[in-house]
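Survey of secondary and tertiary structure
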Amino acid sequence: LTHFFEREPPAASWAVQPHYQLPTAFRAEWEPPEARAPSAAPRPLHLGFLCEYDALPGIGHACGHNLIAEVGAAAALGVRGALEGLPRPPPH
């Protein structure tokens, strides 16, 4: 999943932190390009998506956690796409 977000176009659109607070956790952050400008107002929207991807010993992914991971990643991409489609504020 970290490689997926690191390679998801456009290049470097996600800031990925592997092993975020736990050896098996990660964090992938996205913000619109205009939010990175020094004059941009802070964005109050913070969302988290559960990408559970553990497996059961001897059984593997029989419980569907691999699908939960895919759906969490897809939801993050969907929200990003929706936010990118919003009207942009005019430049100052």
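Residues numbered from 1 in each chain as written. Predicted model: local features only at pLDDT ≥ 70, side-chain atom pairs only at ≥ 80, totals over all residues. Heavy atoms only, no water.

Moving on: the overall build of the chain. Counting secondary structure elements, the chain contains 2 helices and 2 strands. The helix and strand sequence of the chain, counted from the amino end, reads α-β-β-α. Out of the 92 residues belonging to the chain, those deemed buried represent 20%. Sequence-distant contacts in the chain: of pairs separated by 6 or more residues, those separated by 24 or more amount to 39%. Working note: accessible area of the chain is about 6800 Å², and carbon and sulfur atoms make up 64% of it. (Helix = DSSP H or I, 4+ residues; strand = E, 2+ residues; numbered from the N terminus. Buried < 20%, exposed > 50% of the residue type's maximum accessible area, 1.4 Å probe, protein only. Contact = heavy atoms within 4.5 Å. Areas by Shrake-Rupley, 256 points an atom, 1.4 Å probe, with all protein chains shown as cover.)

Before going further, it helps to examine a nonpolar patch on the surface. Together, Leu45, Leu47 and Phe49 give the surface a local cluster of nonpolar side chains, amounting to about 290 Å² of exposed area. For phenylalanine 49, the location among the structural elements is in the loop between β2 (26-29) and α2 (65-84). A relative accessible area of 35% places phenylalanine 49 in the partly exposed class. (Patch = residues over 30% accessible without salt bridge, like charges linked within 9 Å, V, L, I, M, F, W, Y side chains within 5 Å. Salt bridge = Lys/Arg side-chain N within 4 Å of Asp/Glu carboxyl O.)

Glancing now at the nonpolar core. If you look at the biggest cluster of nonpolar residues, it comprises 9 residues: Phe5, Trp14, Val16, Phe26, Trp30, Cys51, Ala69, Ala73 and Ala76. By residue number, the principal contributor to this core is α2, which donates 3 residues. Setting aside chain neighbours within four positions, we find alanine 73 in contact with Leu1, Phe4, Phe5 and Cys51. (Core = buried A, V, L, I, M, F, W, Y, C linked by side-chain atoms within 4.5 Å.)

Here we take up the packing of aromatic side chains. Evaluation of the coordinates by the stated rule reveals 3 aromatic pairs. Between phenylalanine 4 and phenylalanine 5 the ring centres are 5.3 Å apart and the planes differ by 80°, which places this aromatic pair in the edge-to-face class. Classification of phenylalanine 4 by relative accessible area gives partly exposed; the value is 39%. Taking the relative accessible area as the measure of exposure, phenylalanine 5 reaches 3% and is therefore buried. Look at phenylalanine 5 and phenylalanine 26: their rings are 6.1 Å apart centre to centre, the planes differ by 40°, and that puts the pair in the tilted class. In this pair, phenylalanine 5 is assigned in helix α1 (residues 2-7) and phenylalanine 26 in strand β2, connecting sequence segments 21 residues apart. Accessibility assignment for this pair places phenylalanine 5 and phenylalanine 26 in one class, buried. (Phe/Tyr/Trp six-rings, centres within 6.5 Å; stacked < 30°, edge-to-face > 60°.)

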